[in-house]
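# Residue-level structural notes
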Protein chains: 2
Amino acid sequence: MNIYDVSKKAGVSIATVSRVLNGSPNVSDRTRNLVLKVMDELGYTPNVFARGLGLGTIQTIGIMCSDSSDPYLAHAIYYLEQGLRGYGYDSILCCTGNSLENKQKYLELLRSKKVDAIILAGSKFIEPKLRDNDYITEAAQEIPIMLVNGFLEGNNICCTLCDDRSATHEAAGKLIASGCRSILYLYTSRSYSGMGKLHGYQDALGGCGLPVRKDLIYQCPKDVLAARDLLLKLHTSGLFFDAVMTSDDTLAVGAVKYAHATRRSIPDDLSIIGYNNSSYAVCTDPELTSIDSRIEALCATTINTLMIVFNGGNAPSRTTIAADLIKRATTKF
Amino acid sequence: MNIYDVSKKAGVSIATVSRVLNGSPNVSDRTRNLVLKVMDELGYTPNVFARGLGLGTIQTIGIMCSDSSDPYLAHAIYYLEQGLRGYGYDSILCCTGNSLENKQKYLELLRSKKVDAIILAGSKFIEPKLRDNDYITEAAQEIPIMLVNGFLEGNNICCTLCDDRSATHEAAGKLIASGCRSILYLYTSRSYSGMGKLHGYQDALGGCGLPVRKDLIYQCPKDVLAARDLLLKLHTSGLFFDAVMTSDDTLAVGAVKYAHATRRSIPDDLSIIGYNNSSYAVCTDPELTSIDSRIEALCATTINTLMIVFNGGNAPSRTTIAADLIKRATTKF
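Residues numbered from 1 in each chain as written. Chains lettered and ligands numbered in written order. Predicted model: local features only at pLDDT ≥ 70, side-chain atom pairs only at ≥ 80, totals over all residues. Heavy atoms only, no water.

Tallying each qualifying case throughout the model produces zero disulfides over all chains. Unpaired in this structure, Cys162 of chain B has its nearest cysteine sulfur neighbour in Cys299 of chain B, at a distance of 12 Å. (Disulfide = S-S within 2.5 Å.)

Shown next as structure tokens:
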């Protein structure tokens, strides 16, 4: 339902509908009343910026993220805002937190403002229970929805993903090839991306004939000291591990601090791999080997895809980008 | 110039002006023409969201920052967005970079969109040459401008500041009291906040009868490895220093890495103080003593002040918040 539908049904030009919306005096009362009647019949709520500009668009994209102060998401927002600005689009930012209720509320809010599209940044928007994502699928009936590193099938939904599963598969494979046999895995969330990373780790173990041990897989808050303390506790409990893989660099920094506290030598006695290749990766001594999830490329591709959608082109529903393994000093390879 | 001025001059209610703006048929042609004529005479461009809502506001604040991926600014944006949302305001985000030309362009863009206010986050918006800030003073004639940790005098400009100068004064004083005599100072920029921090360090030296030595003060990119390499170079050149104070935690992390590389013992042989008390502060071993610039309090106060402005109250043009010195393991005190 847009200005074109109103124009067609009323049998007047788009410019005339636009004039009515703008309260211009250069429209006859008869035409004005006709256009207002058609809008009423069609249930058309005019897009507010469009009124101002006399266009069918407010040139504004809604960006939703759980928390813009998270370093990964902060970079995503930066690249998205800059990229969209390059095409003349404003970005309205919504930090939703993690509750499903708030995510739904914010999506509804952005829809009510008639933004041109909504970008969901970060894989936390996709809930494990498929039904919990229905509000996204429904919104996509009216407005393009772009997912950055999340996946959901549906009309008018386009996903740009980092191939997290292949990345951790490759990295765990290299740890095994370098002699590690007891690779502890720390992850922050069971999001789409989080599960992909975990499965890649499990794929590598399976491929090398090693067992997937539940006592080597732990969830941990995204916090340096929480990760350090968890590893110290496991160490004290007698658990042996010769490598730590993590779903985020902050946890890997915690692993380095654990090794310092227990005087384990990195990488000879303990290998460590981070994820995101963030600025944390160079804060530690030794510096972290980390998987670069290529957030800049993900954001650029998301925007390219959105422009294809806006131009009525055949946009890919799913684009996958390969990660890079950045070798530094916490691994033997 | 707003809907109230139009209402007053036309001698009709705000509701009537709003109805005209909304193209409502429940207005006589005579009244409609009168309101449109007054708007034309006053040069009133109706605020586009206001049209949609029939209000005098688009309930949207423009947030400008140089780079939303910078950890300090990422937190500022998060707290501002969340706080504004609590009052029902949307946030349009603009990442301007550091060129004056781009800052001016974005401010003009936000003004043209008739946002309700503009928040400039971070002290990089205030240029050392006073004349270069005229575009901000001019914009403030039309729209409230809020500065987060920057200072500029002018009507309709409200500044919320961290007392950086007192914070570094106190911290440097404690270093001196703990026996340090050659305190090297690293800073990232000569922004308003950057100069305040530097002056506080100089105040402390002067207060203790120590000379301010130019060979102990250096500018450095906001980058861990750049700071480490700069210190290594100074070390190799024979410069002696027994403490490093920095304007940002990233530089302090670089100082820890420099100490590790040269096997200097922290804090016995070298004391280090960071700034911002960011998550970097706990990444290193030992963990950083750091000055907490209280960005959450700064953002909350900025929003409180803005709401006073919106309600026509007597808003303070300058509010200063004291920093906190967070003691960890890189200092002897």
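Moving on to the relation of the copies chain A and chain B. Between chain A and chain B, which share one sequence, the superposing operator has a rotation angle of 180° and an axial displacement of 0.0 Å; the RMSD is 0.6 Å. The relationship between the two copies is best expressed as a two-fold rotation axis. A share of 100% of interface residues in chain A that are also interface residues in chain B marks the association as one of identical surfaces. (Least-squares fit on C-alpha atoms with pLDDT ≥ 70 in both. Contact = heavy atoms within 4.5 Å.)

What follows covers the packing of aromatic side chains. As enumerated under the stated definition, the model contains 13 aromatic pairs over all chains in all. Centre to centre, the rings of Tyr78 of chain B and Tyr79 of chain B are 5.6 Å apart; their planes meet at 65°, and the pair counts as edge-to-face. Here Phe151 of chain B and Tyr192 of chain B contribute two aromatic rings whose centre-to-centre distance is 6.1 Å and whose plane-to-plane angle is 45°, an arrangement assigned as tilted. Separated by 41 residues along the polypeptide, Phe151 of chain B in the loop between β4 (145-148) and β5 (157-162) and Tyr192 of chain B in helix α9 (residues 192-207) bring together distant segments of the chain. On the basis of relative accessibility, which here comes to 19%, the residue Phe151 of chain B falls in the buried class. Residue class for Tyr192 of chain B comes out partly exposed when judged on its relative accessible area of 33%. Through pairs of rings, three or more aromatic residues link up here, namely Tyr185, Tyr187 and Tyr201 of chain A. The residue whose ring lies beneath Lys197 of chain A is Tyr275 of chain A, and the NZ or CZ to ring-centre distance is 4.1 Å. The ring centre of Phe241 of chain A lies 5.4 Å from the NZ or CZ of Arg264 of chain A, which sits over that ring. (Phe/Tyr/Trp six-rings, centres within 6.5 Å; stacked < 30°, edge-to-face > 60°. Helix = DSSP H or I, 4+ residues; strand = E, 2+ residues; numbered from the N terminus. Buried < 20%, exposed > 50% of the residue type's maximum accessible area, 1.4 Å probe, protein only. Lys NZ or Arg CZ within 6 Å of the ring centre and 35° of its normal.)

Okay, the nonpolar core next. Formed by 154 residues in total, the largest nonpolar core has its most connected members in Tyr201 and Phe241 of chain A together with Tyr201 and Phe241 of chain B. Judged by nonpolar contacts, the second largest core, of 48 residues, contains Ile92, Cys94 and Leu152 of chain A together with Ile145 of chain B. (Core = buried A, V, L, I, M, F, W, Y, C linked by side-chain atoms within 4.5 Å.)

Residue and element names in this part refer to chain A. The six strands lie next to each other as β7-β6-β8-β9-β10-β12, forming an open sheet whose pairing is mixed. Sheet topology places β7 (217-219) and β12 (324-326) at the edges, where each strand pairs with a single neighbour. Between one strand axis and the next, the sheet turns through 20° on average, direction left out of account. Relative to strand β10 (residues 289-292), strand β9 (residues 271-275) runs parallel, the two being bridged by three bridges. Counterpart to Gly274 in the pairing with β10 is Ser290. Strand contacts of helix α10 (residues 224-236): β6 (183-187), β7 and β8 (243-246), with the helix running at about 145° to β6, the strand carrying the most contacts. The sheet strands contacting helix α11 (residues 249-261) are β6, β8, β9 and β10, and the helix crosses β9 at an angle near 155°. (Pairing = 2+ DSSP bridges. Axes fitted to C-alpha atoms, helices over the stretch in contact; angles between N-to-C directions.)

Contacts between the two partners involve 45 residues from chain A and, on the opposite side, 46 residues from chain B. Together chain A and chain B conceal approximately 4100 Å² of surface at their shared face, both sides included; 56% is due to carbon and sulfur atoms. Connecting chain A to chain B are eight salt bridges. Residues Glu287 of chain A and Arg228 of chain B are paired through a salt bridge, measuring 3.4 Å at the closest nitrogen-oxygen approach. Where chain A packs against chain B, one counts 24 residue pairs in polar contact (both at pLDDT 80 or more). Of all the secondary-structure elements, those providing two or more residues to the side of chain A that touches chain B are α2 (14-21), α3 (29-42), α4 (48-53), α5 (71-86), β2 (90-95), α6 (100-112), α10 and α11 of chain A. Per-element tally for the side of chain A that touches chain B: the top contributor is α5 of chain A, with seven residues. Taken together, the residues that form the side of chain A that touches chain B break down as 21 nonpolar, twelve polar and twelve charged. Where β2 of chain A lies against strand β2 (residues 90-95) of chain B, two bridges are found, and the strand directions are antiparallel. Across the sheet, the residue bridging to Ile92 of chain A is Ile92 of chain B, located in β2 of chain B. (Buried area = accessible area lost by both parts, 1.4 Å probe. Salt bridge = Lys/Arg side-chain N within 4 Å of Asp/Glu carboxyl O. Polar contact = N/O pair within 3.5 Å; in protein donor to acceptor, adjacent residues only side chain to side chain. Nonpolar A, V, L, I, M, F, W, Y, C, P; charged D, E, K, R; others polar.)

Let us now look at the environment of Val115 of chain A. Structurally, Val115 of chain A can be placed in the loop between α6 and β3 (117-121). Once the C-alpha coordinates of Val115 of chain A and Cys158 of chain A are considered, the two residues, 43 residues apart in sequence, prove to be 17 Å apart.

Let us now look at the domain arrangement of chain A. Segmenting chain A into domains produces domain 1 (3-53), domain 2 (60-163 + 297-324) and domain 3 (164-294). Summarising the inter-unit geometry, the C-alpha centres of domain 1 of chain A and domain 2 of chain A are found 31 Å apart. (Domains from an automatic or database assignment.)

It is worth spelling out the packing of helix α5 (residues 71-86) of chain B against helix α12 (residues 295-310) of chain B at this point. Residues and elements named next belong to chain B. The interhelical angle for the contact between α5 and α12, taken along N-to-C directions, is 40°, at an axis separation of 9 Å. Comparing the axis directions of α5 and α12 gives the class oblique. Like other packed secondary-structure pairs, α5 and α12 cross with a definite hand, here right-handed. Residues Tyr72, His75, Ala76, Tyr79, Leu80, Gly83 and Leu84 of α5 pack against Ile295, Glu296, Leu298, Cys299, Thr302, Ile303, Leu306 and Met307 of α12. (Parallel < 35°, antiparallel > 145°, perpendicular 65-115°, else oblique. Left-handed = near helix turned anticlockwise from the far one by under 90°.)

For the rest of this paragraph, the subject is the side chain of Asp248 of chain B. Residue and element names in this part refer to chain B. Counting through the fold element by element, Asp248 comes out in the loop between β8 (243-246) and α11 (249-262). Residue Asp248 is classed as buried on the basis of its relative accessible area of 7%. In this structure, Asp248 is in contact with Thr188, Lys222, Tyr275 and Asn276, ignoring residues within four places of it in sequence.

All names here are of chain B. Applying the stated criterion across every chain, the model contains 30 salt bridges over all chains. The residue Arg85 makes a salt bridge to Glu81 at a minimum N-O spacing of 3.1 Å. One end of the pair, Arg85, and the other, Glu81, are both in helix α5, four residues apart, so they sit about a helical turn from each other. One exposure class covers both Arg85 and Glu81, and it is buried. Measuring nitrogen to oxygen at the nearest pair gives 3.0 Å for the salt bridge that ties Asp229 to Arg228.

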